[in-house]
Amino acid sequence: MTDLKDVAIVTGAASGMGEAAARLLMDDGWPVLLCDLKTGPLNHDTKNAGGLAEVLTADISDPDFGQTLLAALSGRRIGALIHCAGLSPTMATPEHILEVNLAATIRLVNTVRPHMAAGGCAVLFSSSGAHILGSSLDEQINRVRTPEAVSSLHALATDSGSAYTISKRAVMLLVEREARAFGTSGARIVSLSPGIIDTPMGRKEMEQQPIMHKMVEMTPLPRTARPEEIAAVAVFLCSPAASFITGTDILVDGGKIAVLVGAARQDDLSGLGE
Ligand SMILES: NC(=O)c1ccc[n+]([C@@H]2O[C@H](COP(=O)([O-])OP(=O)(O)OC[C@H]3O[C@@H](n4cnc5c(N)ncnc54)[C@H](O)[C@@H]3O)[C@@H](O)[C@H]2O)c1
């Protein structure tokens, strides 16, 4: 089992759900290693964490990020990884989205796997968008097993929106493939698919994609979620209470996909407009 001397790593820890997860982990007494491109709110938080919080300002898509991370761990085991860092459709080109959301995630999983504590868990952030995409491209996506092979998806990812959903579907499939390898050391790996969340990223997407407002209205819980509502699930997944959950995706979307799947079954997506 993990003990609280094992480290919890959070990527994307300066904003949104990563920041919320970092706070919950620190409240629970975890030693945390908080990674992000930017430091602002992290530095403030860590002053109150009694030396148990370290900040790693780095780009997860830097090919050397794994080495930097291992140096910061200095031999300690990983009890939890909550991997939130990512780019949404309006933030970057298709190629850059695939690089950060997928190639960097494959490299990160390869880096952490040998250093996971027994009972530890890696939670990789996917998206409910990957559920909307469905399984039609799974065969092609599942062939991508290395960071170098990610470029083979450029032909499928013709715009930033499709690059985003393909990258997040690939994260779900990565988790399915990795469960056995993580299990050999008694560790777990899970993907977590949020619906529409009230974070800087979520707000930016809602401003630029009006269809997201309709999706919120159609959802059984017709609101966006607070980042803490998703972070709480991520922290639960890293706890002993989730000790038999691995190799799967956990959808936390207020019921959005249930409605969309139901509408698709009835061939009635008219409520979603174009
Ligand atoms: N907000 C939503 O509605 C929503 C919905 C579904 C899935 N997600 C996913 O959840 C995760 C967290 O989203 P959020 O809304 O909290 O986002 P956010 O934009 O609020 O925070 C993301 C953080 O990741 C960091 N980051 C981005 N690229 C990085 C890089 N290359 N290296 C290091 N850090 C980097 C950013 O600096 C930022 O602090 C993302 O993977 C996102 O795709 C978000």
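Each value, and the rule that gives it
- Residues numbered from 1 in each chain as written.
- Predicted model: local features only at pLDDT ≥ 70, side-chain atom pairs only at ≥ 80, totals over all residues.
- Helix = DSSP H or I, 4+ residues; strand = E, 2+ residues; numbered from the N terminus.
- Rg over C-alpha atoms; globule rule 2.2 N^0.38 Å.
- Buried ≥ 20, exposed ≤ 12 C-beta atoms within 10 Å, placed from the backbone.
- Contact = placed C-beta atoms within 7 Å.
- Pairing = 2+ DSSP bridges.
- Axes fitted to C-alpha atoms, helices over the stretch in contact; angles between N-to-C directions.
- Near = placed C-beta within 6 Å.
- Nonpolar A, V, L, I, M, F, W, Y, C, P; charged D, E, K, R; others polar.
- Parallel < 35°, antiparallel > 145°, perpendicular 65-115°, else oblique.
- Left-handed = near helix turned anticlockwise from the far one by under 90°.
- pLDDT = per-residue confidence, 0-100.

1. Observations concerning the overall build of the protein chain
Per the secondary structure count, the protein chain includes 11 helices and seven strands. Its C-alpha radius of gyration of 18 Å places the protein chain within 12% of the 19 Å reference for a compact globule of 274 residues. Reported as C-alpha extents along the three principal axes, the dimensions of the protein chain are approximately 55 × 35 × 35 Å. Here the protein chain, with 274 residues, has 47% of them falling under the buried criterion. Residue pairs at least 24 apart in sequence account for 75% of intrachain contacts in the protein chain once pairs closer than 6 positions are excluded.

2. What about the sheet that holds strand S7 (residues 249-252)?
One open sheet accounts for seven strands, arranged S3-S2-S1-S4-S5-S6-S7; its pairing is parallel. The open sheet has two edge strands with one neighbour each: strand S3 (53-57) and S7. Ignoring which end each strand starts from, the neighbouring axes of this sheet average 15° apart. Pairing analysis gives five bridges linking strand S5 (residues 116-125) to strand S6 (residues 188-194), with the strands arranged parallel.

3. Things to note about the site of the ligand
Around the ligand there are 28 residues in total, and Gly12, Gly16, Gly86, Thr199 and Gly202 lie nearest to it. Elements with a minimum of two residues in the shell around the ligand: helix H1 (16-27) and helix H8 (200-208). Broken down by class, the residue content of the shell around the ligand amounts to 14 nonpolar, 11 polar and three charged.

4. Remarks on the packing of H1 against helix H10 (residues 227-237)
Two numbers describe how H1 lies on H10: the axes approach to 8 Å, and their chain directions differ by 55°. Here H1 lies oblique to H10, going by the angle between them. Crossing angle aside, the handedness with which H1 passes H10 is right-handed. Counting all contacts with H1, which are made through Gly16, Met17, Ala20, Ala21, Leu24 and Leu25, the residues of H10 involved are Pro227, Glu228, Ile230, Ala231, Ala232, Ala234 and Val235. When the residues that make up the contact of H1 with H10 are grouped by side-chain class, the tally is 11 nonpolar, one polar and one charged.

5. Here's the deal with the pairing of strand S1 (residues 7-11)
With five of its five residues buried, S1 lies for the most part within the structure. Residues Val7, Ile9 and Thr11 of S1 are buried on one face, and the alternating residues Ala8 and Val10, pointing to the opposite face, are buried as well. Pairing of S1 with strand S4 (residues 78-83) involves five bridges; the strand directions are parallel. From the neighbouring strand, Ala8 faces S4, where its bridge partner is Ala80. As paired strands, S1 and strand S2 (residues 32-36) are joined by four bridges and run parallel to one another. Opposite Ala8, over in S2, you have Val32 as the bridge partner.

6. Side note on the pairing of S6
Looking along a regular strand, one sees the side chains alternate between the two faces of the sheet. For S6, a buried count of seven out of seven residues is recorded, marking the element as mostly surrounded by other parts of the structure. Neither face of S6 is left uncovered, since the one carrying Arg188, Val190, Leu192 and Pro194 and the one carrying Ile189, Ser191 and Ser193 both have all their residues buried. Here four bridges tie S6 to S7, and the two strands are oriented parallel to one another. Looking at the pairing, Leu192 lines up with Ile250 of S7.

7. Some details on the packing of helix H4 (residues 94-112) against helix H7 (residues 160-183)
Where H4 contacts H7, the two axes come as close as 8 Å, and the packing angle between them is 10°. With respect to each other, H4 and H7 are oriented roughly parallel. Relative to H7, the crossing made by H4 is right-handed. Across the interface between the two elements, Pro94, Ile97, Leu98, Asn101, Leu102, Thr105, Ile106 and Val109 of H4 pack against Ser160, Ala163, Tyr164, Ser167, Lys168, Ala170, Val171, Leu174 and Glu178 of H7.

8. Concerning the confidence of the model for the protein chain
With 92% of its residues at a pLDDT of 70 or more, the protein chain shows a mean pLDDT of 93. Ranking the helices and strands of the protein chain by mean pLDDT puts S6 first, with 99, and helix H2 (residues 40-46) last, with 69.

9. Topic: unusual backbone geometry
Glycine aside, negative phi is the norm for most residues, and most peptide bonds take the trans geometry. Positive phi, close to 35°, is recorded for Ser74, a residue that is not glycine. Along the polypeptide, Ser74 turns up in the loop between helix H3 (65-73) and S4. Residue class for Ser74 comes out exposed when judged on the 7 C-beta atoms lying within 10 Å of it.

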